[in-house]
Amino acid sequence: MADAKVIPFDDDRSRGSAAQRPARRRSAGSRRGALGEPGEVGSVQPLPGRERAQDGSAGREEEPRESREPSDAGGHDGGLERRVAAGLAFLRRRLTGDYEVDDFGYDEELTDQVLMSLLRPVYDKYFRVEVKGVENIPAEGGALIVANHSGTLPLDGLMMQVAVHDHHPAGRHLRLLAADLVFVLPVVNELARKLGHTLACAEDAERLLAQGELVGVMPEGFKGIGKPFGERYKLQRFGRGGFVSTALRQGAPIIPCSIVGAEEIYPMLGNAKTLARVLGIPYFPLTPTFPWLGPLGAIPLPTKWTIQFGEPIATDGYPPEAAEDPMLMFNLTDQVREQIQHTLYKLLVQRRSVFF
C-alpha cells in the first residue's frame, strides 16, 4: 500500500499520505468488513440486505429499507409495531457493536437508516432537487461520477449522494472523494467516514473502483467551491487529469454530472483572505448574510436544484499504458469538462427561477 503511486485529483488538494489517514476499521463487532481483507481487492463481501436481484427486477435489496416500506395491510398499528421493533433492533446492534463497517469506515446501515433520513428533508423540501439522467449510472460495477463543485460549503456533494441513493433503480451508494480538510475536523471527520467518504487520492479511488463501487469526485476542489458569485457556473480548472488516469487504470466509465442551484445558496461577494490564513482554511466567505447575521447567516438560501447525470464516457477500450499518456488524459479531461459546462448552460436556459 505504501508503495502505491498516488495521483492527485487536483492541485489544491493536499497530498495526504496513508499514514495521515485514520486507521481503517474492519468491523465494529470484530466481523469481516465489506471490502474484505486489506489488499484483497477483488474480495467483496456484500452486507446483509444488499444482494442484487438476479431476475431483472430493478435490483432492489432483498430487505427493503425501513424508510421506504409501505404500511401493513393490517393497518396503522401493525406498521407502527414493525417500525418500533426495527428501531429497537437497530439500537441493540448499535449498543452491542453488532454492525459492520468496511476498511474505509463506511457504515451502510447507519447511512441508510439515519444519515440519509437527516439529509432527505433538506433534499426534498428545502432544495427540492430534480434529478435527470440517473439511468446513465450503471446498475453494477465500478464507475466514476465527475461533477462541478460550488456553493461555499460542500452541500452539493451530499445532495448528489442522496440523489443516487434514493433514485437509482439498483439502490446504489455513492462513495465521495473529499479533501483532507474534511478528515481533520472533529465530528465532521467521523460523519464523513460513516457516509462512505474517503481521501481524494488515486490510491483510495482505484481501490473502491476495483471493488465495483460508485465513486464521486469534484475535480475543481476549493477553486470551485470558493469562487466568487460573479463567476458562478463557470467551471474552474480540473487539475491535471488524475481522475481520468484512475478511470483508465480500472476501465471504469466516467459519468459527467451537472448541478444547478448550489451556486446561489451562499452568494460569495468577498473573501477575507487574512482571516482565512489565520484560521488555516482555504477561504473565509463574505456573503450578504454572513458573518453579519451571526449563526443565522450560515443558513443557505432555499434555491431550486437540478442534478443531471450525463451519458457515460467509456474507458475500457484503451490499452493499459493509456493511463500514462498525458495527451490522452488531457483530451478526456477536456471532454468531461466541456460536457459538464455545456449541460450547465442548457439547464440554466431552461431554469425559470432561482427559487421556484
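Before going into details, it helps to say that this report is about the structure given with it. (Residues numbered from 1 in each chain as written. Predicted model: local features only at pLDDT ≥ 70, side-chain atom pairs only at ≥ 80, totals over all residues. Heavy atoms only, no water.)

A few points about the sheet that holds strand E5 (residues 214-217)
To keep things clear, this is the line we draw: Any two strands are treated as partners once DSSP identifies two or more bridges connecting them. Per the convention used, a helix needs a DSSP run of H or I reaching at least four residues, while a strand needs a run of E reaching at least two, with both numbered from the N terminus. Here, two residues are considered to be in contact whenever any of their heavy atoms come within 4.5 Å of each other. Lines are fitted to the C-alpha atoms to define the axes, a helix being fitted only along its stretch in contact, and any angle between axes, read from their N-to-C directions, falls within 0 to 180 degrees.
Spatial ordering of the open sheet is given by E1-E9-E6-E2-E5-E3-E4, a layout of 7 strands whose pairing is mixed. In the strand order of this sheet, the two ends are held by strand E1 (130-132) and strand E4 (198-199), each with one partner. Pairing of strand E2 (residues 143-147) with strand E6 (residues 254-260) involves 4 bridges; the strand directions are parallel. Looking across to E6, one finds that Leu144 is bridged to Ile254. Contacting E1, E2, E6 and strand E9 (306-309), helix H9 (residues 326-350) crosses the sheet at an angle of about 30° to E6.

Regarding the pairing of E5
Consecutive side chains along a regular strand alternate between the two faces of the sheet. What counts, and what does not: Each residue gets one of three labels from its accessible area relative to the maximum for its type: buried under 20%, exposed over 50%, partly exposed in between, using a 1.4 Å probe on protein chains only.
Alternating positions in E5 separate into two faces, Leu214 and Gly216 on one and Val215 and Val217 on the other, with burial throughout. As defined by bridge partners, E2 adjoins E5 across 4 bridges and the pair is classed as parallel. Note that in E5 the partner of Ile145 across the bridge is Gly216. Relative to E5, strand E3 (residues 174-178) runs parallel, the two sharing 3 bridges.

Regarding the layout of surface pockets
In plain terms, the rule: Using a 1 Å grid laid over the protein atoms alone, points where a 1.4 Å probe fits but cannot get out form a cavity; open sets with protein on both sides within 12 Å along at least 5 of 7 lines form a pocket; any residue with an atom within 4 Å of a point counts as lining. Grid points are joined across faces, edges and corners, and a volume is the space filled by probe spheres set on the points. Side-chain classes are defined by residue name, with Ala, Val, Leu, Ile, Met, Phe, Trp, Tyr, Cys and Pro counting as nonpolar, Asp, Glu, Lys and Arg as charged, and the others, Gly among them, as polar.
Considering only enclosed or pocket space, the largest pocket measures out at about 1,100 Å³ in volume. For the lining of the largest pocket, the elements supplying multiple residues, two or more each, are helix H2 (108-126), helix H3 (155-167), E3, helix H4 (188-194) and helix H6 (221-225). Here the residues of the lining of the largest pocket sort into 28 nonpolar, 7 polar and 2 charged.

Examining the packing of helix H5 (residues 202-210) against helix H7 (residues 242-250)
To be explicit about the condition: When the near helix sits turned anticlockwise from the far one by under a right angle, the crossing is termed left-handed; a clockwise turn instead gives a right-handed crossing.
Axis separation between H5 and H7 bottoms out at 10 Å; the angle between their running directions is 35°. When you trace H5 past H7, the crossing you get is right-handed. On H7, the residues touching Ala202, Ala205, Glu206, Leu209 and Ala210 of H5 are Thr246, Arg249 and Gln250. Split into classes, the residues belonging to the contact of H5 with H7 amount to 4 nonpolar, 2 polar and 2 charged.

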